[in-house]
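Each chain, letter by letter, is given below.
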Amino acid sequence: MPRLENLLGAQALALSDRLLADATGTVGSVGTMGSAGSSSDCAALVTLLAHPGPSVGWLGEVLGLTSSGVTRLVERLVKAGWVQRSAGQDARSRRLELTEVGTSLAERVLAGRHAVLSRALAALSPSEQATLEDLLGKMVGGLTDELTVAFQVCRLCDRTACRGSGGGCPLHHTVGHD
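Residues numbered from 1 in each chain as written. Predicted model: local features only at pLDDT ≥ 70, side-chain atom pairs only at ≥ 80, totals over all residues. Heavy atoms only, no water.

## Some thoughts on the nonpolar core
Link 1 in the chain: Leu-59, Leu-63, Trp-82, Val-83 and Leu-96 are the most contacted members of the largest nonpolar core, which totals 20 residues.
Link 2 in the chain: Elements represented by at least two residues in this core include exactly helix 2 (39–50), helix 3 (56–63), helix 4 (67–80), strand 2 (94–98) and helix 5 (100–121).
Link 3 in the chain: Counting residues per element, this core draws most heavily on helix 4, at five residues.
Link 4 in the chain: Ignoring sequence-local partners within four residues, the contact set of Leu-63 consists of Ser-40, Ala-43, Ala-44, Thr-47, Leu-73 and Arg-155.
Link 5 in the chain: Among the nonpolar cores identified, the runner-up in size contains five residues, and Ala-23, Val-46, Val-109 and Leu-110 belong to it. (Core = buried A, V, L, I, M, F, W, Y, C linked by side-chain atoms within 4.5 Å. Buried < 20%, exposed > 50% of the residue type's maximum accessible area, 1.4 Å probe, protein only. Helix = DSSP H or I, 4+ residues; strand = E, 2+ residues; numbered from the N terminus. Contact = heavy atoms within 4.5 Å.)

## Details of the confidence of the model for the protein chain
Link 1 in the chain: Looking at the protein chain as a whole, the pLDDT averages 86, with 89% of positions reaching at least 70.
Link 2 in the chain: Scored below 50 in pLDDT, residues 32–36 shows 10 contacts in the model against residues more than four places distant or in partner chains. (pLDDT = per-residue confidence, 0-100.)

## Concerning the pairing of strand 2
Link 1 in the chain: Summarising the sheet, strand 1 (residues 83–87) and strand 2 pair through five bridges and their orientation is antiparallel. Each bridged residue has a counterpart across the sheet, and for Ser-86 the counterpart in strand 2 is Arg-95.
Link 2 in the chain: In this structure, the hairpin formed by strand 1 and strand 2 is closed by a connection of six residues. (Pairing = 2+ DSSP bridges.)

## Quick look at the side chain of Thr-47
Link 1 in the chain: Mapped onto the secondary structure, Thr-47 falls in helix 2.
Link 2 in the chain: Not counting chain neighbours up to four residues away, the residues in contact with Thr-47 comprise Trp-58, Leu-59, Val-62, Leu-63 and Arg-155.

## Looking at the packing of helix 2 against helix 3
To describe two helices that pack against each other, one gives the angle between their axes and the distance between the axes.
Link 1 in the chain: At a minimum axis distance of 11 Å, the contact between helix 2 and helix 3 shows a crossing angle of 120°. Taken together, the axis directions place helix 2 and helix 3 in an arrangement best described as oblique. Seen along the crossing, helix 2 lies across helix 3 with a hand that is right-handed. Residues Ser-40, Ala-43, Ala-44, Thr-47 and Leu-48 of helix 2 touch helix 3, and the partners they reach there are Trp-58, Leu-59, Val-62 and Leu-63.
Link 2 in the chain: Counted by class, the contact of helix 2 with helix 3 contains seven nonpolar, two polar and no charged residues. (Axes fitted to C-alpha atoms, helices over the stretch in contact; angles between N-to-C directions. Parallel < 35°, antiparallel > 145°, perpendicular 65-115°, else oblique. Left-handed = near helix turned anticlockwise from the far one by under 90°. Nonpolar A, V, L, I, M, F, W, Y, C, P; charged D, E, K, R; others polar.)

## With respect to the packing of aromatic side chains
Link 1 in the chain: Tallied over the full model, the rule gives one aromatic pair.
Link 2 in the chain: Ring geometry for Trp-58 versus Phe-151: centroids 5.4 Å apart, planes at 70°, classification edge-to-face. Residue Trp-58 is found in helix 3, and its partner Phe-151 is found in helix 7 (residues 147–153); the two are separated by 93 residues along the sequence.
Link 3 in the chain: Residue Phe-151 is classed as buried on the basis of its relative accessible area of 6%. (Phe/Tyr/Trp six-rings, centres within 6.5 Å; stacked < 30°, edge-to-face > 60°.)

## Concerning the side chain of His-51
Link 1 in the chain: On the secondary structure map, His-51 appears in the loop between helix 2 and helix 3.
Link 2 in the chain: In this structure His-51 comes out as buried when scored by relative accessible area, which is 8%.
Link 3 in the chain: A distance of 3.2 Å separates polar atoms of two side chains, one belonging to His-51 and the other to Arg-159. (Polar contact = N/O pair within 3.5 Å; in protein donor to acceptor, adjacent residues only side chain to side chain.)

## Structural notes on the environment of Val-56
Link 1 in the chain: Mapped onto the fold, Val-56 is located in helix 3.
Link 2 in the chain: Apart from the residues within four sequence positions on either side, Val-56 is in contact with Val-70, Val-74, Arg-94 and Leu-96.

## A look at the packing of helix 3 against helix 4
Link 1 in the chain: Contact pair helix 3 / helix 4: the axes reach a minimum separation of 9 Å and the direction vectors enclose 110°. The angle between helix 3 and helix 4 places the two elements in the roughly perpendicular class. From helix 3, Val-56, Leu-59, Gly-60 and Leu-63 reach across to helix 4, where they touch Val-70, Leu-73 and Val-74.
Link 2 in the chain: Tallied by class, residues from the contact of helix 3 with helix 4 come to six nonpolar, one polar and no charged.

The following block contains the structure:
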């Protein structure tokens, strides 16, 4: 099905571009960073909203960043006033929590994401949207069996959307880790 694959790829790329532009514009318009936020900034904020208190290492793993990359990211987010560090399980580790401003910003990123995706889905009837939801649930559910990769897939997800739908996360192995 070359046409289906091509259409899916074009849609995925267009949505990704629009989501990234909206999210980084939201982050770049707030705070003290001086430039537009990166996709890693957005993913970190949304991930920390869903999973408060992780270690710096865990966040780096979920975002696919090196140790030095996640350290720079956390420094940037702390400097912007969006994240605070606290003592972790041992003297070397640090737990990460969103500040009030960081929480608000993460919620704005999710609201922008919702707006972009709602516009894309508006071309479909309610019946077509329900069919697409079922099909995408199957496709997303088949993306991985690895917990870390599941967290990577969901790094910009609105966790309440899947929880509140009755269908739950299609990456079932994330249940209990949300």
